[in-house]
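Fold and geometry: a report
The residues making up each chain are set out below.
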Amino acid sequence: MITMKSITAVVVLAVAVVAIGICHAKHIEFKVADKDFLVKQKFVFEMLQHVYQDDVFVTKYDASFYEYKPWEHVGDYDHPEKFQDFFELWQHHPFHNDQVWTLFYDRHEEYAHGLVRLFYYAKNWETFQHAVFWAREHVNTQLFVYAFTIACLHRADLQGIVMPAHYEIHPWSYFDGQTLEMAEHYKMHGFHHVKQLNNVYNVVMKSNYTNYYGDLNYDHALSYFLEDIGMNSFYYYFNLDYPFWTKGDEQHKLNKDRRGEMYLYVHWQLLARFYMERLSNDMGEVPTFNMYEPVESGFYSGLRGYNGIPYPSRPNDYNFYTAENVEYVHMVETYTQRIMDWVHKNTEHDLDAINKLGNMIQGNVDSIDTQFYGSLDKWYRYIVNEGRPFGKYHETYPGTFMHYDTSMRDSMFFEVYKRILTQYWNMMDTYPEYTKVDYGFDGVKIDNVHMPESLTTYFEYFDADISNAVNVEPTYEHPSDVLYSFGRNSHYNGSGYVIKARQHRLNHKPFEFTLDVNSDKAQSAVVKVFIGPKYDEYGHVIPLEHNYQNFFELEHFKVQLAAGVNHIKRASGDFSFWVNDRTTYFELYHKLMDATNSDYKFKLDQSEAHCGVPNRMMLPKGKKGGQVYQFFYMVYPFHESSVQQYTGYDPIVSCGIGHGSRYVDALPFGFPFNRPVKRDYYFDVDNFKFFDVKIFHRDEHTNMA
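Below you will find a few notes about this structure.

Rules of the game
- Residue numbers here run from 1 along each chain, matching the order of that chain's written sequence.
- The predicted nature of this model means local features are confined to residues of pLDDT at least 70 and side-chain atom pairs, given and counted, to a pLDDT of 80 or more, with totals for whole chains, interfaces and linings taken over all residues.
- For the side-chain quantities, the full set of heavy atoms in the structure was used; hydrogens and water were omitted.
- The way it works is that DSSP assigns letters per residue, a run of H or I at least four long becomes a helix, a run of E at least two long becomes a strand, and they are numbered from the N terminus.
- Helix span, expected: 1.5 Å multiplied by one less than the number of residues in the helix.
- The buried label applies to any residue whose accessible area, calculated with a 1.4 Å probe on protein chains only, is under 20% of its type's maximum; exposed applies above 50%, and partly exposed to all values in between.
- Throughout, the arc means the angular range of directions from the helix axis out to the C-beta atoms.
- We call two residues in contact whenever any of their non-hydrogen atoms come within 4.5 Å of each other.
- Here a pair means two rings of Phe, Tyr or Trp (six-membered ring of Trp) with centres within 6.5 Å. Their orientation is stacked below 30 degrees between planes, edge-to-face above 60, and tilted elsewhere.
- Side-chain atoms within 4.5 Å are what join buried Ala, Val, Leu, Ile, Met, Phe, Trp, Tyr and Cys residues into a set we call a nonpolar core.
- We define a salt bridge as a side-chain nitrogen of Lys or Arg found within 4 Å of a carboxyl oxygen belonging to Asp or Glu.
- The disulfide definition used here is simple: a pair of cysteine sulfur atoms within 2.5 Å.
- The axes are straight lines fitted to the C-alpha atoms, using for helices just the contacting stretch, and the angles between their N-to-C directions are given from 0 to 180°.
- For this classification, under 35 degrees means roughly parallel, over 145 means roughly antiparallel, 65 to 115 means roughly perpendicular, and everything else is oblique.

For helix H8 (residues 177-188), with 12 residues, the first-to-last C-alpha span of 16 Å sits near the 16 Å given by 1.5 Å per residue. Every buried residue of H8 is listed here: Gly177, Thr179, Leu180, Ala183 and Lys187. The buried side chains of H8 occupy one side of the element, clustering within an arc of 165° when seen end-on. Tucked into the core, H8 has its buried residues touching strand E6 (200-206), strand E9 (491-492) and strand E10 (495-508).

Encoded structure:
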């Protein structure tokens, strides 16, 4: 349907690190955008500026954009029959900013489904531009950003396009009301006492987490983790890569990526990571949500929407078993029982059954029967959101739990998914237990692990560009800012401005490991690395039989073992699925302008990929006096996937969603911890190794030891 022609020049920057027996490193590769691609990039940047204002474009679009109505141009789209219902719905009941949008209401989902298809099936760039411009002018803003982002992630002609960080596109979902209020004050006071640099007002202001004025409860002390903008945006993008309402298209079948199994694994891993962070703060296990009993931890959102309405909060010891939730509780009971009946009737102990279970729990369109098994994911969100229906559609006001970009801010998120994941662990309990035969690797032994016995974490300042949070005036005739003339419309009387929110965010000092591995022959293998707790909050060793669910995967890569001794070396900066902090919107615009007007190279790569996990969140905080965690290392036979990794897409510019070739191998996600461990001595095999590490947390205002 669509081809990608606008990216050229592959450049390899990294040199492989040579070890005895192997040669391995993380290659940093990029492509360079050509002039046609830069035009597309500029349009994307323009559409995502000041998204609640439709009259502030610097670029002059001709009348055809303002007069465009997509239903009058159906011939310009592939498969128009797939969104004719959307046209009819829109013309009878348009969805503007006078309504609050959430994907989790069926009525709202219908709009998202139709709008994404409209963008995705545009036959050419001109049609896509017009459709996007029409939606930018008329459609509810959160709905528009959601649909536009999905289209940019999945359209073939936009592979490699750089999206500004979602927390900079829509800062209302990430920064508290006090931060946004102060940003507006700077603008309203004419940037008084703010110095200009190159005709741009530069504001850097402190942004606090919601517990700055005191903790609402014990969980509130974890606000630095719960409110981390990188982790929350990762979860947002994960759910845009795999929208529950679509199977994908013919070239990108989402179920090829084992979407149901991945859904379960991502939430399991988030839960394991959160538990380790709790231990760093002397807290115990994550409670399992009980919809009949009061929930100890309340929630203070601190957020407000663009319309000024604050997101609802919740007091401590709140009971969700209310009159408004009776229907939702009944639906959860019904679907839970149906799923458990299916689990206990299942006789297939393979990955396909796990994938089916994940699809059923999420209630996505690849579920074996969405009507019968429903969506536990959705119904639990309804329970936590609760409230009295309002308005002509009798919908409850959607709070933080009803949006992917805000739901992880509430510690209740982890309690709910711990409850949901009991379905997975119940199913795994019906599978045969792994034995030493399953774990072992004949002829291969990890002789030694070399890594520091202590690691260091610290808080450091991080700046995010929240200029989008402040309204701007219509276009200015004689600007002094060249970036404004280029198209960036954050300005005050013709001078540009950038407002940055500065937060303390968790990070760690780099580390590396070397495995001494002996192999009796040359062969392919994989290395997996996990980190997990060693002791509970009382200082007691946690037996592996009760700890296997708490291991968090750090790395998974293929190696070629030589006969004899192999030294496998890996630095934390080379770990595969971790990404750097995002370049700010302001900096991206500068780079785009330089590339457009000079020979500067606008690089496209995966160093800040939307599908990666922020590398700063790799390690739990630990304690000032040190806290012991354990690394787990595994060298295991390579099990080739049915589709070779990277088949069908370019990993330099794409995450490869829906190609069935994203993964290193065919192992179950989370192996060897993906089934209950009932006999810890089965882990006593030569190719497994545990290694204790003490994590020290240094002063919160410096990264110095």
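Time to look at the packing of aromatic side chains. Counted according to the given criterion, the structure contains 94 aromatic pairs. Ring centres of Tyr292 and Tyr321 lie 5.4 Å apart, and the angle between their planes is 70°; on these two criteria the pair is classed as edge-to-face. Here Tyr292, found in the loop between helix H11 (259-280) and helix H12 (326-345), pairs with Tyr321, found in the loop between H11 and H12; they are 29 residues apart in sequence, far enough to count as distant. Classification of Tyr292 as partly exposed rests on a relative accessible area of 36%. Taking 5.1 Å as the distance between ring centres and 75° as the angle between the ring planes, the aromatic pair formed by Tyr318 and Phe320 counts as edge-to-face. Judged by relative accessible area, Tyr318 falls into the partly exposed class, the value being 23%. Ring pairing ties together the aromatic residues Phe43, Phe57, Tyr61, Phe65, Tyr66, Phe119, Trp125, Phe128, Phe133, Phe144 and Phe148, which thus form one cluster.

Here the focus is the nonpolar core. With 226 residues, the main nonpolar core has Phe119 and Phe631 as its most contacted residues. The dominant element in this core, judged by the number of residues it contributes, is H11, at 12 residues. Leave out the neighbours within four places in its chain, and Phe631 touches Met451, Leu455, Phe511, Val529, Phe530, Ile531, Leu554, Leu619, Lys689, Phe690, Phe691 and Val693.

For the structure on display, the rule yields 33 salt bridges. Here Arg273 makes a salt bridge to Glu277, at a shortest N to O gap of 2.6 Å. Remark: Glu277 and Arg273 occur in helix H11; sequence separation between them is 4 residues, near one turn of the helix. Given a relative accessible area of 0%, Glu277 falls into the buried group.

Turning our eyes to something else, we now look at the environment of Asp581. Note on placement: Asp581 falls in the loop between strand E15 (578-579) and helix H19 (585-597). The spacing of Asp581 and Ala165 is 416 residues in sequence and 9.5 Å in space, taken between C-alpha atoms. Sequence-distant contacts of Asp581, that is, excluding residues within four places in its chain, are made with Phe462, Arg505, Glu608 and Arg616.

What follows deals with helix H3 (residues 84-92). Of the positions making up H3, those classed as buried are Phe86, Phe87, Leu89 and Trp90. Seen end-on, H3 carries its buried residues on one side only, within an arc spanning 165°. Of the exposed residues in H3, the ones pointing more than 90 degrees away from its buried face are Asp85 and His92.

To continue, consider the state of the cysteines. Summed over the entire model, instances satisfying the criterion amount to 1 disulfide. The partner cysteine of Cys611 in its disulfide is Cys655, sulfur to sulfur 2.0 Å. Here the disulfide of Cys611 and Cys655 is left-handed, its torsion about the S-S bond being about -80°. On the criterion of sequence distance, the pair formed by Cys611 in the loop between strand E16 (603-604) and strand E17 (613-614) and Cys655 in the loop between strand E18 (627-637) and strand E19 (688-697) is long-range, its members being 44 residues apart.

The next thing to look at is the packing of helix H4 (residues 106-120) against helix H5 (residues 125-138). At a closest axis distance of 8 Å, the pairing of H4 and H5 adopts a crossing angle of 150°. Here H4 is positioned roughly antiparallel relative to H5, judged by the angle of their axes. Contact residues: H4 offers Leu115, Leu118 and Phe119, while H5 offers Phe128, Ala131, Val132, Trp134 and Ala135.

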